[in-house]
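The primary structure of each chain is shown beneath.
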Amino acid sequence: MVGQMIARRVVGLTLELIKEGKTADRALLIAGQPGTGKTVIAMGEFVEIQIDRPATGSVPIELIFSLEKAVTFLALFSGDTGQIKSEVRERINDKVAEWHEEGKAEIVPGVLFTDEVHMLDIEFFSFLNRALESDMVLILIMATNRGITNIRETNQQSPHGIPIDLLDCLLIMTTEPYEADEIK
Ligand SMILES: Nc1ncnc2c1ncn2[C@@H]1O[C@H](COP(=O)(O)OP(=O)(O)OP(=O)(O)O)[C@@H](O)[C@H]1O
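Everything quoted here is computed from the prediction, not taken from an experiment.

Visitor: Lay out the overall build of the chain with the relevant residues and their values.
Guide: Within the chain, the regular secondary structure consists of 7 helices and 8 strands. Here the chain holds 184 residues, and 36% of them are scored as buried. When contacts within the chain are restricted to residue pairs at least 6 apart in sequence, long-range pairs at least 24 apart make up 72% of them. Approximately 10900 Å² of the chain is accessible, and the part contributed by carbon and sulfur atoms is 56%.

Below, the structure is given as structure tokens:
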């Protein structure tokens, strides 16, 4: 990966602090123009956390259900609109809770990554607020290429289309357009 040193340093430092059990901002927003590497930076952090995760070993765990997998799984049900029906979400939550209760699944704290965050509706933002209060999410990383825009399904505008209460909790960094010598 080339360039974007500030954003990469902020994300990397946050990860180190979390791994050392020190206080760190757990909700990051990467904002920048399309194609400036926001997704690559966030995915790099995700991979590192997954690799570092200690093996569970001894218990007969049939399924390890990380939050990221849950989100991917939910995405299968979201169709073209990107919206997940609340009854589908509830049924999956119940199933995962049941597997967890029966010892068939382990829920692994991890990175929750939400790309194109300006596309989310109010219901999803409240899910993110709840996720931040949960021990399951070590770090929430969001990315957007929008400036001031409408919060979806409302008449309100806000920076990056994110409600102000969530915006207040975020550490925001930017990616910069590339210089000619970085992309030659
Ligand atoms: N610094 C970089 N080093 C190497 N490859 C990069 C870098 N930045 C971007 N790319 C490549 O450019 C493409 C677009 O990057 P990416 O999807 O991360 O951009 P983005 O900022 O998330 O864009 P968007 O706002 O459209 O979602 C990818 O193929 C990625 O691998």
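Visitor: An account of the site of the ligand is requested, with residue identities and associated values reported.
Guide: Taken together, 13 residues lie around the ligand, and V2, G35, K38, T39 and Y178 are the ones closest in. Between T39 and the ligand, the recorded distance is 2.6 Å, taken from a side-chain N or O atom to an oxygen atom. Contact between the ligand and N145: an oxygen atom at 3.0 Å from a side-chain N or O atom of the residue. Burial of the ligand by the surrounding chains reaches 63%, relative to a free accessible area of 630 Å². Per-class residue counts for the shell around the ligand are 5 nonpolar, 6 polar and 2 charged.

Visitor: So what's going on with the pattern of salt bridges? Which residues, and what values?
Guide: As enumerated under the stated definition, the model contains 1 salt bridge in all. K22 is the partner of E20 in a salt bridge, and the nearest nitrogen-oxygen pair spans 2.9 Å.

Visitor: Just give me the short version of the sheet that holds strand β8 (residues 171-174), but keep the residues and values in it.
Guide: Taking strand neighbours across the sheet as the criterion, the 4 strands line up as β4-β5-β1-β8 in an open arrangement whose pairing is parallel. Each of the sheet's edge strands pairs with one partner strand only, and the pair in question is β4 (110-114) and β8. Across the sheet, the mean angle separating the axes of adjacent strands is 20° when strand polarity is ignored. Here strand β1 (residues 27-31) pairs with strand β5 (residues 137-144) via 5 bridges, running parallel. Pairing of A27 across the sheet is with L140, part of β5. Packing against the sheet, helix α1 (residues 5-19) makes contact with β1, β5 and β8, and its axis sits at approximately 145° to β8.

Visitor: Tell me what's going on with unusual backbone geometry, and back it up with residues and numbers.
Guide: For Q4, which is not glycine, the phi dihedral falls at a positive 55°. Considering the arrangement of structural elements, one finds Q4 in the segment before α1. Here E116, not a glycine, exhibits a phi torsion of approximately 45°, which is positive. By secondary structure assignment, the location of E116 is in the loop between β4 and α5 (122-133). Taking the relative accessible area as the measure of exposure, E116 reaches 34% and is therefore partly exposed.

Visitor: Requested: an account of the nonpolar core, with residues and values cited.
Guide: Counting 18 residues, the largest nonpolar core has F125, L128, L140, M142, I162, L166 and L170 as its most contacted members. Residue assignment for this core shows that the elements contributing at least two residues are β1, α5, β5 and α6 (164-167). The element that contributes the greatest number of residues to this core is α5, accounting for 5 residues. One finds A7, L28, I139 and A143 within the second-largest nonpolar core, a separate group that totals 13 residues.

Conventions adopted
Residues numbered from 1 in each chain as written. Predicted model: local features only at pLDDT ≥ 70, side-chain atom pairs only at ≥ 80, totals over all residues. Heavy atoms only, no water. Helix = DSSP H or I, 4+ residues; strand = E, 2+ residues; numbered from the N terminus. Buried < 20%, exposed > 50% of the residue type's maximum accessible area, 1.4 Å probe, protein only. Contact = heavy atoms within 4.5 Å. Areas by Shrake-Rupley, 256 points an atom, 1.4 Å probe, with all protein chains shown as cover. Near = heavy atom within 4 Å. Polar contact = N/O pair within 3.5 Å; in protein donor to acceptor, adjacent residues only side chain to side chain. Nonpolar A, V, L, I, M, F, W, Y, C, P; charged D, E, K, R; others polar. Salt bridge = Lys/Arg side-chain N within 4 Å of Asp/Glu carboxyl O. Pairing = 2+ DSSP bridges. Axes fitted to C-alpha atoms, helices over the stretch in contact; angles between N-to-C directions. Core = buried A, V, L, I, M, F, W, Y, C linked by side-chain atoms within 4.5 Å.

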